[in-house]
Structure formats: C-alpha cells, structure tokens
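# Coordinates in review
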Amino acid sequence: MGYTKSSNPVLSEKIFYASRSGSYSEAMTVNGTVNKVGLLLFFLVAAASYTWGLYNDSMDSSVVMPWLIGGAIAGLILAVATAFKPVWSPYTAPFYALAEGLMLGGLSAMMNSAYPGIVVQAVGLTFATLLAMLFAYKSGLIKATEKFKSGVIAATGGIFIFYMLNWILSMFGIGLNIANGSDLLSIGISLFIVVIAALNLVLDFDFIEKGAQSGAPKYMEWYGAFGLMVTLVWLYVELLRLLSKLARR
C-alpha cells in the first residue's frame, strides 16, 4: 500500500512511515480515529465554554485575554511537540484541544459581542463544510490525486507566507490592509483562504484512510484526530474572520 501526503503540517507521510517501524499489537482504524475526533471536540467545547462564560459574565476583554493568549501559546507548543513525537499524541492531543478551546472560547465571545450571532454562523458553517467535504471525498466528487494535493499544498504554503509577512510588517506598524480590511479584495482573499482550509480536510481524510489501510499503530488514531482538529480550528477562525468582514460592510 502506498503512502499519501497532506498539506496539514502535522500529517506528513514520513510520520506514518516512521510509526510503522516499531512493533505494535493493534492497528489504527478509521472508526477509531473518528471516535478520537469526537473526544477532542468534546474537550475543546468544554474548555471554550469556560472562557466564553468568563467573558460574558464580565464583558471585559482583559479578563479573558490571559486565557486566550495562554491557550494559543500552549496550543502551539503542544502542536509542535505532537508533530515531532506522534507517540505522545494520546496524551498531548487532549491537552491541545483544551488549550485551543480556551483560546477559541475567549475569541468567540469577543467576536460575538461585536457581531451578535457570528459564532453560531461560524460553527454551523464549519461543521457544514466538514460534512460537505467528507461527502465529496467519500463519493469521489473530489479525488485526492497527486496533482490536487500539490495544488493545495502550494496554496497553503502561500497563505502561511502571506500571514507571516503581514505579522512581521505589523510589528513595524505597517501591516497589510488587504488582510484585515472589509473591502471586496480583502473579503475575496478571506474566501480563498476558507476554500483552501476546506480542501485541506479532503487531504486529511485521505491521509487518515491511507494510514489505516497501511496498518499504522493504534496510537496514530489520536495523531490523525489531532491533525484533523488542527485543520478544523484553522477553518473556524478563518470563517470568523470572513464573517466579521462581511458584517462590517
């Protein structure tokens, strides 16, 4: 069975190749991975509920900002650690979900305060996109061919460079208006990024399926679920950005 690749930085084909070098009694399954995704979503929502309530009780961003920043930093550290040590994923993935939940809960509460109803829309669109991409993948409407994968990988890399450039320029007080504005060009860019994030889901589905077929060890269910969560968090944040831009027009 051949290996596949994903533009998700934590789901590279080398990970599955390395994971098979050991001796394990149980193998990864798609159903097992789906169950792990459900657990991670539960952890994320539970943590998000805390910072969501914290902000709504105080209506003061300074109260939730330490949780938001701390969650973002902890999530990044856990994501890097998990990417380098997939065998840790049964332990790090749940804490990653909790950390991202703390960040997303605070961010969502502040966004919802500024644009009432935006969070319900973003959550609904995130799960609708997940189901639509899963249907497109399973039905064969979208096939994860090598050409398709290369295109999504290139686009994802370009988005990463775009955001890094904007971040660096913002430190000098410059920034790119097209990244945060509400004009048609900025909205078009956000829509493009949302599409690329959605297409990453297709690559992740394919990668998880191929990993199960190749007999990856059981702990890789946690790793596959973790990788999918990374994409879902990215998609949700990008949908929030897009909806906020539309609300400002």
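Sequence order as written defines the numbering, with residues in each chain counted from 1. With the structure being a predicted model, the display of local features is reserved for residues of pLDDT at least 70 and the display and counting of side-chain atom pairs for 80 or more, all residues being used for whole-chain, interface and lining totals. Values reported for side chains reflect all heavy atoms of the structure, with hydrogen atoms and water molecules removed beforehand.

### Describing the packing of helix α2 (residues 30-58) against helix α9 (residues 220-248)
Where α2 meets α9, the closest approach of the two axes is 8 Å, and the angle between their N-to-C directions is 50°. Taken together, the axes of α2 and α9 lie oblique to each other. The hand of the α2/α9 crossing is right-handed. Along its contact with α2, which presents Gly 32, Thr 33, Lys 36, Val 37, Leu 39, Leu 40, Leu 41 and Leu 44, the element α9 presents Glu 221, Trp 222, Gly 224, Ala 225, Phe 226, Leu 228, Met 229 and Val 233. By residue class, the composition of the contact of α2 with α9 is 11 nonpolar, three polar and two charged. Note on method: axes are straight lines fitted to C-alpha atoms, helices fitted across the in-contact stretch only, with angles between N-to-C directions ranging 0 to 180 degrees. Secondary structure counts use DSSP, requiring at least four H or I residues in a row for a helix and at least two E residues in a row for a strand, with both numbered from the N terminus. Angle categories are assigned with fixed cut-offs, so that under 35 degrees is roughly parallel, over 145 is roughly antiparallel, 65 to 115 is roughly perpendicular, and the rest are oblique. Note on convention: near helix rotated counterclockwise from far helix by under a right angle means a left-handed crossing. Clockwise means right-handed. Throughout, a contact is declared for two residues whenever any of their heavy atoms are within 4.5 Å. Gly is placed with the polar residues, together with every amino acid not listed as nonpolar (Ala, Val, Leu, Ile, Met, Phe, Trp, Tyr, Cys and Pro) or charged (Asp, Glu, Lys and Arg).

### Digging into the side chain of Lys 36
As for its placement among the helices and strands, Lys 36 is situated in helix α2. Contacts described as polar in this section are N or O atom pairs within 3.5 Å, which, within protein, must combine one atom able to donate a hydrogen with one able to accept it, while residues neighboring in sequence count only if both atoms come from side chains. Here the side chain of Lys 36 touches Glu 221 through a polar contact of 2.8 Å, side chain to side chain. Here Lys 36 is in contact with Glu 221, Trp 222 and Ala 225, once residues within four sequence places are set aside.

### As for the UniProt feature "transmembrane region" (unreviewed entry) in the protein
UniProt positions are given in the numbering used here, feature names are shortened, and annotations may be inferred rather than shown by experiment. When the UniProt feature table is mapped onto this chain numbering, "transmembrane region" (unreviewed entry) sits at residues 37-55, 67-87, 93-111, 118-137, 152-172, 184-203 and 223-243. End C-alpha to end C-alpha, residues 93-111 measures 26 Å, and it is 100% helix and 0% strand. With 100% helix and 0% strand, residues 118-137 has its two end C-alpha atoms placed 28 Å apart.

### A short note on a nonpolar patch on the surface
Exposure above 30% relative accessible area and no salt bridge define the residues that can form patches, which grow by joining like charges within 9 Å and nonpolar side chains of Val, Leu, Ile, Met, Phe, Trp and Tyr within 5 Å. Calculation of accessible area relied on Shrake-Rupley with a 1.4 Å probe; when residues are assessed, cover is drawn exclusively from the protein chains displayed. Salt bridge, as used here: a side-chain nitrogen of Lys or Arg that lies within 4 Å of a carboxyl oxygen of Asp or Glu. A contiguous nonpolar patch, built from Phe 160, Ile 161, Met 164, Trp 167, Ile 168, Met 171, Phe 172 and Ile 174 and spanning about 910 Å² of accessible area, is present on the exposed surface. Inspection of the secondary structure puts Trp 167 in helix α6 (residues 146-170).

### Some remarks on the confidence of the model for the protein
Caution is warranted with low-pLDDT regions, since their predicted coordinates should not be read in detail. By definition, pLDDT measures how confident the predictor is in each residue, and it falls between 0 and 100. Averaged over all residues, the pLDDT of the protein equals 89, while 89% of them reach at least 70. In this model, residues 1-5 is a region of pLDDT below 50 whose contacts with residues beyond four sequence positions or in other chains number 17 contacts.

### Quick word on the environment of Ala 212
Following the sequence through the fold, Ala 212 ends up in helix α8 (residues 184-213). Through-space distance from the C-alpha of Ala 212 to that of Gly 32 is 9.6 Å; in sequence the pair is 180 residues apart. If we ignore the near neighbours within four places in the chain, the residues touching Ala 212 are Met 28, Thr 29 and Val 30.

### Concerning the pattern of salt bridges
A side chain of one charge can pair with a side chain of the opposite charge if their charged atoms are brought near each other. Taken as a whole, this structure holds seven salt bridges when the rule is applied. In this structure, Glu 238 engages Arg 241 in a salt bridge whose closest nitrogen and oxygen atoms are separated by 3.6 Å. Here Glu 238 and its partner Arg 241 are both found in helix α9, three residues apart, which amounts to about one turn of the helix. Each residue gets one of three labels from its accessible area relative to the maximum for its type: buried under 20%, exposed over 50%, partly exposed in between, using a 1.4 Å probe on protein chains only. Judged by its relative accessible area of 22%, Arg 241 is partly exposed.

### Thoughts on the environment of Ala 46
Mapped onto the fold, Ala 46 is located in helix α2. Placed 55 residues apart in sequence, Ala 46 and Gly 101 show a C-alpha to C-alpha distance of 7.2 Å.

### Focus on the nonpolar core
Joining through side-chain atoms within 4.5 Å is the link that ties buried Ala, Val, Leu, Ile, Met, Phe, Trp, Tyr and Cys residues into a set, and such a set is a nonpolar core. Membership of the largest hydrophobic core comes to 58 residues, with the highest contact counts inside it found for Leu 40, Tyr 96, Leu 201 and Phe 205. Contributing elements (two or more residues each) for this core: α2, α3 (61-84), α4 (89-114), α5 (118-139), α6, α8 and α9. It is α9 that contributes the most residues to this core, 15 residues altogether. Excluding residues within four positions of it along the chain, Phe 205 makes contact with Leu 130, Met 133, Leu 134, Tyr 137 and Leu 228.

### Some words on unusual backbone geometry
Positive phi, normally seen in glycine, also occurs at Met 59, with a value near 55°. Looking at the secondary structure, you find Met 59 in the loop between α2 and α3. Taking relative accessible area as the criterion, Met 59 reaches 48% and is therefore assigned partly exposed.

### Observations concerning the packing of aromatic side chains
For any pair of aromatic rings, the description rests on two quantities: the centre-to-centre distance and the angle between the ring planes. A pair of Phe, Tyr and Trp rings is counted when the ring centres sit within 6.5 Å of each other, with Trp represented by its six-membered ring. The angle between the planes then sorts it: under 30 degrees is stacked, over 60 is edge-to-face, the rest tilted. With the rule as written, the count across this model stands at six aromatic pairs. Each ring, one from Tyr 96 and one from Phe 226, has its centre 5.0 Å from the other, and the planes form 85°; the classification is edge-to-face. Pair noted here: Tyr 96 is in helix α4 and Phe 226 is in helix α9, with a separation of 130 residues, a long-range link. Each member of the pair, Tyr 96 together with Phe 226, is buried. Arranged with centres 5.9 Å apart and planes meeting at 50°, the rings of Tyr 223 and Phe 226 form a pair that is tilted. One end of the pair is Tyr 223 and the other is Phe 226, both in helix α9 and three residues apart, which spans about a single turn. Phe 226 shares its class with Tyr 223; the two are buried. One aromatic cluster is present, formed by Tyr 96, Tyr 223 and Phe 226 through successive ring pairs.

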